[in-house]
Amino acid sequence: MHPARVLVASRLNLERPGTLPDMGFYRAYVLPQLLGFSERIASMELVRQRTVEYATGHVLELGVGLGSNLPFYDPEITSLTTVDPNPRFNARVRRRLRHLPFPVDAREGRGEQLPLKDGTFDSVVTTFTLCCVGDLERVLQEILRVLKPGGRLLFAEPGPSRDEEVLKWQRRLARLQGLVVDGCRADRAIDTALIATGFELKRLELAYLDGLPKSLGCVYEGLAVKPL
Ligand SMILES: C[S@@+](CC[C@H](N)C(=O)[O-])C[C@H]1O[C@@H](n2cnc3c(N)ncnc32)[C@H](O)[C@@H]1O
(Lines give C-alpha, C1' and ligand atoms only; values in the text may rest on other atoms or scores of the structure.)
Protein backbone atom coordinates (compact mmCIF):
# COMPACT_ATOMS: atom_id res chain seq x y z
CA MET A 1 0.00 0.00 0.00
CA HIS A 2 1.17 3.55 -0.67
CA PRO A 3 2.72 5.03 2.54
CA ALA A 4 0.12 7.83 2.61
CA ARG A 5 -2.72 5.26 2.49
CA VAL A 6 -1.07 3.24 5.25
CA LEU A 7 -0.93 6.39 7.39
CA VAL A 8 -4.58 7.28 6.75
CA ALA A 9 -5.70 3.68 7.35
CA SER A 10 -3.85 3.48 10.64
CA ARG A 11 -5.09 6.91 11.80
CA LEU A 12 -8.67 5.91 11.04
CA ASN A 13 -8.20 2.32 12.26
CA LEU A 14 -9.55 1.02 8.96
CA GLU A 15 -7.62 -2.19 9.46
CA ARG A 16 -9.63 -3.02 12.57
CA PRO A 17 -13.34 -2.88 11.81
CA GLY A 18 -15.51 -2.30 14.85
CA THR A 19 -13.02 0.08 16.46
CA LEU A 20 -12.47 3.74 15.89
CA PRO A 21 -9.52 5.93 16.77
CA ASP A 22 -9.73 8.77 19.25
CA MET A 23 -11.98 10.87 17.03
CA GLY A 24 -12.62 13.50 19.69
CA PHE A 25 -14.44 16.00 17.51
CA TYR A 26 -16.53 13.31 15.81
CA ARG A 27 -17.60 11.70 19.09
CA ALA A 28 -18.18 15.03 20.84
CA TYR A 29 -20.16 16.84 18.14
CA VAL A 30 -21.09 14.73 15.11
CA LEU A 31 -22.23 11.49 16.76
CA PRO A 32 -24.60 13.21 19.23
CA GLN A 33 -26.31 14.96 16.27
CA LEU A 34 -26.65 11.62 14.51
CA LEU A 35 -28.15 9.92 17.56
CA GLY A 36 -30.46 12.90 18.12
CA PHE A 37 -31.63 12.50 14.53
CA SER A 38 -32.27 8.77 15.09
CA GLU A 39 -34.83 9.73 17.77
CA ARG A 40 -36.89 11.28 14.96
CA ILE A 41 -37.08 8.02 12.97
CA ALA A 42 -40.43 6.54 14.00
CA SER A 43 -39.54 2.94 13.14
CA MET A 44 -36.44 3.14 15.35
CA GLU A 45 -38.49 4.50 18.22
CA LEU A 46 -40.85 1.53 17.85
CA VAL A 47 -37.92 -0.88 18.01
CA ARG A 48 -36.63 0.85 21.15
CA GLN A 49 -40.04 0.66 22.79
CA ARG A 50 -40.55 -3.03 21.90
CA THR A 51 -37.13 -3.90 23.33
CA VAL A 52 -37.07 -1.81 26.48
CA GLU A 53 -40.60 -2.37 27.72
CA TYR A 54 -39.76 -5.97 28.72
CA ALA A 55 -36.97 -4.90 31.09
CA THR A 56 -37.75 -5.70 34.72
CA GLY A 57 -36.03 -5.58 38.12
CA HIS A 58 -32.44 -4.31 38.27
CA VAL A 59 -31.65 -3.21 34.72
CA LEU A 60 -28.35 -2.48 32.98
CA GLU A 61 -28.34 -0.54 29.71
CA LEU A 62 -25.07 -0.92 27.86
CA GLY A 63 -24.07 1.84 25.41
CA VAL A 64 -26.80 4.19 26.56
CA GLY A 65 -25.80 6.91 24.06
CA LEU A 66 -27.93 10.01 24.54
CA GLY A 67 -30.49 8.06 26.56
CA SER A 68 -32.93 7.61 23.69
CA ASN A 69 -34.39 4.50 25.36
CA LEU A 70 -35.08 6.15 28.70
CA PRO A 71 -38.70 7.20 27.99
CA PHE A 72 -39.64 3.57 27.36
CA TYR A 73 -38.69 2.03 30.70
CA ASP A 74 -41.49 0.79 32.92
CA PRO A 75 -41.58 3.17 35.92
CA GLU A 76 -41.86 0.05 38.11
CA ILE A 77 -38.32 -1.25 37.40
CA THR A 78 -36.20 -1.51 40.55
CA SER A 79 -33.14 0.40 39.29
CA LEU A 80 -31.32 1.40 36.12
CA THR A 81 -27.54 1.33 35.66
CA THR A 82 -26.09 2.76 32.45
CA VAL A 83 -22.60 2.18 31.06
CA ASP A 84 -21.08 4.04 28.11
CA PRO A 85 -17.47 4.88 27.24
CA ASN A 86 -18.29 8.30 25.77
CA PRO A 87 -18.00 10.99 28.50
CA ARG A 88 -19.87 13.48 26.31
CA PHE A 89 -22.89 11.16 26.25
CA ASN A 90 -22.66 10.45 29.95
CA ALA A 91 -22.93 14.17 30.79
CA ARG A 92 -26.11 14.47 28.67
CA VAL A 93 -27.61 11.26 29.99
CA ARG A 94 -27.15 12.40 33.58
CA ARG A 95 -29.39 15.42 32.82
CA ARG A 96 -32.10 13.13 31.39
CA LEU A 97 -31.75 10.61 34.20
CA ARG A 98 -32.62 13.17 36.88
CA HIS A 99 -36.30 12.99 36.02
CA LEU A 100 -36.76 9.23 36.16
CA PRO A 101 -38.94 7.67 38.87
CA PHE A 102 -36.46 4.89 39.78
CA PRO A 103 -32.89 4.94 41.16
CA VAL A 104 -30.21 5.39 38.49
CA ASP A 105 -26.46 4.92 38.36
CA ALA A 106 -24.66 6.28 35.25
CA ARG A 107 -21.14 4.94 34.77
CA GLU A 108 -18.37 5.44 32.27
CA GLY A 109 -16.96 2.15 31.01
CA ARG A 110 -16.72 -0.34 28.22
CA GLY A 111 -18.68 -3.51 27.69
CA GLU A 112 -15.47 -5.49 27.39
CA GLN A 113 -14.72 -4.84 31.09
CA LEU A 114 -17.86 -3.90 32.95
CA PRO A 115 -17.22 -2.13 36.26
CA LEU A 116 -19.97 -4.23 37.87
CA LYS A 117 -20.31 -7.26 40.14
CA ASP A 118 -21.24 -10.79 39.01
CA GLY A 119 -24.91 -11.80 39.02
CA THR A 120 -26.31 -8.30 39.68
CA PHE A 121 -28.94 -7.69 36.99
CA ASP A 122 -32.33 -9.12 36.07
CA SER A 123 -32.26 -7.50 32.62
CA VAL A 124 -29.62 -6.08 30.28
CA VAL A 125 -30.70 -3.86 27.38
CA THR A 126 -28.69 -3.07 24.25
CA THR A 127 -29.98 -1.19 21.22
CA PHE A 128 -27.63 -0.39 18.32
CA THR A 129 -24.67 -0.93 20.68
CA LEU A 130 -23.30 -4.46 20.21
CA CYS A 131 -22.77 -3.52 16.56
CA CYS A 132 -20.31 -0.83 17.76
CA VAL A 133 -18.23 -2.70 20.34
CA GLY A 134 -14.69 -3.77 19.45
CA ASP A 135 -14.76 -7.28 20.96
CA LEU A 136 -18.29 -8.70 20.72
CA GLU A 137 -17.40 -12.07 22.26
CA ARG A 138 -15.83 -10.42 25.32
CA VAL A 139 -18.79 -8.07 25.76
CA LEU A 140 -21.29 -10.95 25.63
CA GLN A 141 -19.24 -12.83 28.24
CA GLU A 142 -19.34 -9.76 30.45
CA ILE A 143 -23.11 -9.42 30.02
CA LEU A 144 -23.50 -13.08 30.95
CA ARG A 145 -21.30 -12.51 34.02
CA VAL A 146 -23.30 -9.56 35.39
CA LEU A 147 -26.72 -11.13 34.74
CA LYS A 148 -28.36 -13.19 37.47
CA PRO A 149 -29.09 -16.83 36.52
CA GLY A 150 -32.33 -16.66 34.55
CA GLY A 151 -31.65 -12.97 33.77
CA ARG A 152 -32.53 -11.65 30.30
CA LEU A 153 -30.68 -9.81 27.58
CA LEU A 154 -33.08 -7.72 25.49
CA PHE A 155 -31.52 -6.55 22.27
CA ALA A 156 -32.14 -4.76 18.98
CA GLU A 157 -29.00 -4.75 16.87
CA PRO A 158 -28.18 -4.37 13.18
CA GLY A 159 -27.19 -7.63 11.55
CA PRO A 160 -26.63 -9.35 8.24
CA SER A 161 -29.70 -9.66 6.03
CA ARG A 162 -30.74 -13.12 4.86
CA ASP A 163 -31.50 -11.65 1.45
CA GLU A 164 -28.37 -12.10 -0.71
CA GLU A 165 -28.97 -8.85 -2.64
CA VAL A 166 -29.27 -6.79 0.56
CA LEU A 167 -26.28 -8.59 2.08
CA LYS A 168 -24.18 -7.62 -0.93
CA TRP A 169 -24.98 -3.95 -0.28
CA GLN A 170 -24.33 -4.33 3.45
CA ARG A 171 -20.85 -5.61 2.61
CA ARG A 172 -20.23 -2.77 0.17
CA LEU A 173 -21.32 -0.15 2.71
CA ALA A 174 -19.73 -1.77 5.78
CA ARG A 175 -16.64 0.40 6.01
CA LEU A 176 -18.53 3.63 5.34
CA GLN A 177 -21.20 2.71 7.90
CA GLY A 178 -18.47 2.01 10.46
CA LEU A 179 -16.93 5.42 9.90
CA VAL A 180 -20.21 7.30 10.08
CA VAL A 181 -21.87 5.43 12.98
CA ASP A 182 -19.25 4.95 15.71
CA GLY A 183 -17.66 1.77 14.31
CA CYS A 184 -21.06 0.11 13.69
CA ARG A 185 -20.82 -3.23 11.86
CA ALA A 186 -23.83 -5.03 10.48
CA ASP A 187 -21.90 -8.16 9.48
CA ARG A 188 -21.97 -9.93 12.85
CA ALA A 189 -24.90 -12.26 13.45
CA ILE A 190 -25.86 -11.72 17.06
CA ASP A 191 -27.83 -14.99 17.33
CA THR A 192 -24.79 -17.16 16.58
CA ALA A 193 -22.59 -15.10 18.92
CA LEU A 194 -25.13 -15.37 21.77
CA ILE A 195 -25.42 -19.14 21.51
CA ALA A 196 -21.61 -19.50 21.30
CA THR A 197 -21.31 -17.48 24.55
CA GLY A 198 -23.74 -19.73 26.43
CA PHE A 199 -27.02 -17.79 26.26
CA GLU A 200 -30.32 -19.52 25.54
CA LEU A 201 -31.89 -17.68 22.63
CA LYS A 202 -35.61 -17.44 23.43
CA ARG A 203 -36.80 -15.07 20.71
CA LEU A 204 -35.34 -13.65 17.51
CA GLU A 205 -36.99 -11.54 14.81
CA LEU A 206 -35.42 -9.91 11.79
CA ALA A 207 -37.05 -6.74 10.56
CA TYR A 208 -36.26 -3.86 8.24
CA LEU A 209 -36.68 -0.37 9.66
CA ASP A 210 -39.20 1.71 7.69
CA GLY A 211 -37.69 4.86 6.24
CA LEU A 212 -34.16 3.44 5.84
CA PRO A 213 -32.60 1.49 2.96
CA LYS A 214 -32.73 -2.26 3.72
CA SER A 215 -28.94 -2.43 3.74
CA LEU A 216 -28.82 0.02 6.67
CA GLY A 217 -32.02 -0.95 8.44
CA CYS A 218 -31.84 -4.74 8.96
CA VAL A 219 -32.34 -5.25 12.69
CA TYR A 220 -32.18 -8.38 14.85
CA GLU A 221 -34.59 -8.02 17.77
CA GLY A 222 -34.76 -10.59 20.51
CA LEU A 223 -34.43 -12.02 23.95
CA ALA A 224 -31.68 -14.29 25.31
CA VAL A 225 -31.51 -15.81 28.78
CA LYS A 226 -28.64 -16.74 31.09
CA PRO A 227 -29.19 -20.42 31.95
CA LEU A 228 -30.21 -21.21 35.56
C1 LIG B 1 -24.89 3.88 17.71
S2 LIG B 1 -24.73 4.32 19.37
C3 LIG B 1 -26.28 3.73 20.05
C4 LIG B 1 -26.65 4.43 21.33
C5 LIG B 1 -27.96 3.95 22.00
N6 LIG B 1 -27.85 2.59 22.45
C7 LIG B 1 -29.13 4.11 21.10
O8 LIG B 1 -29.86 3.14 20.87
O9 LIG B 1 -29.35 5.25 20.62
C10 LIG B 1 -23.57 3.18 20.01
C11 LIG B 1 -23.28 3.35 21.49
O12 LIG B 1 -22.38 2.33 21.91
C13 LIG B 1 -21.39 2.92 22.73
N14 LIG B 1 -20.20 2.06 22.70
C15 LIG B 1 -19.23 2.01 21.75
N16 LIG B 1 -18.30 1.10 22.09
C17 LIG B 1 -18.70 0.55 23.26
C18 LIG B 1 -18.16 -0.44 24.14
N19 LIG B 1 -17.01 -1.06 23.85
N20 LIG B 1 -18.82 -0.72 25.27
C21 LIG B 1 -19.99 -0.10 25.57
N22 LIG B 1 -20.57 0.83 24.78
C23 LIG B 1 -19.92 1.17 23.65
C24 LIG B 1 -21.18 4.30 22.14
O25 LIG B 1 -20.54 5.19 23.03
C26 LIG B 1 -22.61 4.68 21.82
O27 LIG B 1 -23.25 5.25 22.92
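Before reading on, note that the structure itself is shown above.
Residues numbered from 1 in each chain as written. Predicted model: local features only at pLDDT ≥ 70, side-chain atom pairs only at ≥ 80, totals over all residues. Heavy atoms only, no water.

Novice: Got a minute to help me understand the pattern of salt bridges in this structure?
Specialist: Here the idea is simple: oppositely charged side chains can pair when their charged atoms come close. Scanning all chains against the criterion turns up 12 salt bridges. With a shortest N-O distance of 3.1 Å, lysine 148 and aspartate 122 are connected by a salt bridge. Taken together, the positions of lysine 148 in strand E5 (residues 147-158) and aspartate 122 in strand E4 (residues 121-127) put the pair 26 residues apart, joining distant regions of the chain. Residue classification places aspartate 122 among the partly exposed positions, given a relative accessible area of 23%. Among the ionic pairs, glutamate 205 bridges to arginine 203, the shortest N-O distance being 3.6 Å. Overall, the relative accessible area of 28% leaves arginine 203 in the partly exposed class. (Salt bridge = Lys/Arg side-chain N within 4 Å of Asp/Glu carboxyl O. Helix = DSSP H or I, 4+ residues; strand = E, 2+ residues; numbered from the N terminus. Buried < 20%, exposed > 50% of the residue type's maximum accessible area, 1.4 Å probe, protein only.)

Novice: Got a minute to help me understand empty space enclosed by the protein in this structure?
Specialist: To find leftover empty space, one rolls a probe the size of a water molecule over the atoms. By the definition in use, this model includes 2 cavities of 30 Å³ or more. Estimates place the volume of the largest cavity at around 50 Å³. Around the largest cavity sit Leu130, Cys131, Leu136, Glu157, Pro158, Arg185, Arg188 and Ile190, which together line it. Of the residues that constitute the lining of the largest cavity, the class distribution is 5 nonpolar, no polar and 3 charged. (1 Å grid on protein atoms, 1.4 Å probe; cavity = no way out; pocket = protein on both sides within 12 Å on 5 of 7 lines; lining within 4 Å. Points joined across faces, edges and corners; volume = space filled by probe spheres on them. Nonpolar A, V, L, I, M, F, W, Y, C, P; charged D, E, K, R; others polar.)

Novice: It is not clear to me how the sheet that holds strand E2 (residues 79-84) should be interpreted in this structure. Could you clarify?
Specialist: Two orientations exist for strands paired in a sheet by backbone hydrogen bonds: parallel and antiparallel. Pairing is mixed in the open sheet, where 7 strands are placed in the order E3-E2-E1-E4-E5-E7-E6. Looking at strand neighbours, the two that pair on one side only are strand E3 (104-108) and strand E6 (200-208), the edges of this open sheet. On average, each strand axis in the sheet is inclined to that of its neighbour by 15°, with strand direction left out of account. Looking at chain direction, strand E1 (residues 58-62) and E4 are connected through 3 bridges and run parallel. Note on E4: the bridge partner recorded for glutamate 61 is valine 125. On the sheet, helix H3 (residues 42-52) packs against E4, E5 and strand E7 (218-225) and is oriented at approximately 170° with respect to E5. In the packing of helix H7 (residues 190-197) onto the sheet, contacts are made with E5, E6 and E7, and the angle to E6 comes to roughly 170°. (Pairing = 2+ DSSP bridges. Axes fitted to C-alpha atoms, helices over the stretch in contact; angles between N-to-C directions. Contact = heavy atoms within 4.5 Å.)

Novice: Just checking my understanding: could you explain the site of the ligand for this structure?
Specialist: Lining the immediate environment of the ligand, one finds 21 residues, of which Arg48, Gly63, Asp84, Gly111 and Thr127 sit closest. A distance of 2.6 Å is found between an oxygen atom of the ligand and a side-chain nitrogen or oxygen belonging to arginine 48. Separating an oxygen atom of the ligand from a backbone N or O atom of glycine 65 is a distance of 3.3 Å. In the complex, the protein chains occlude 97% of the 590 Å² of accessible area that the ligand would expose alone. Placement of the ligand is best described as lying within the largest pocket. A breakdown of the residues in the shell around the ligand according to their chemical character gives 9 nonpolar, 7 polar and 5 charged. (Near = heavy atom within 4 Å. Polar contact = N/O pair within 3.5 Å; in protein donor to acceptor, adjacent residues only side chain to side chain. Areas by Shrake-Rupley, 256 points an atom, 1.4 Å probe, with all protein chains shown as cover. Sits in = over half its atoms within 2 Å of the grid points.)

Novice: Just to check I follow, could you spell out the packing of helix H5 (residues 136-146) against H7 for this structure?
Specialist: For any two helices packed against each other, the geometry is given by the interaxial angle and the distance between the axes. One way to put it is that H5 packs onto H7 with a least axis distance of 10 Å and a crossing angle of 55°. In this view, H5 runs oblique relative to H7, as classed from their interaxial angle. For the pair H5 and H7, the crossing hand works out as right-handed. Contacts from Leu136, Leu140, Gln141 and Leu144 in H5 reach Ala193, Leu194 and Thr197 in H7. Per-class residue counts for the contact of H5 with H7 are 5 nonpolar, 2 polar and no charged. (Parallel < 35°, antiparallel > 145°, perpendicular 65-115°, else oblique. Left-handed = near helix turned anticlockwise from the far one by under 90°.)

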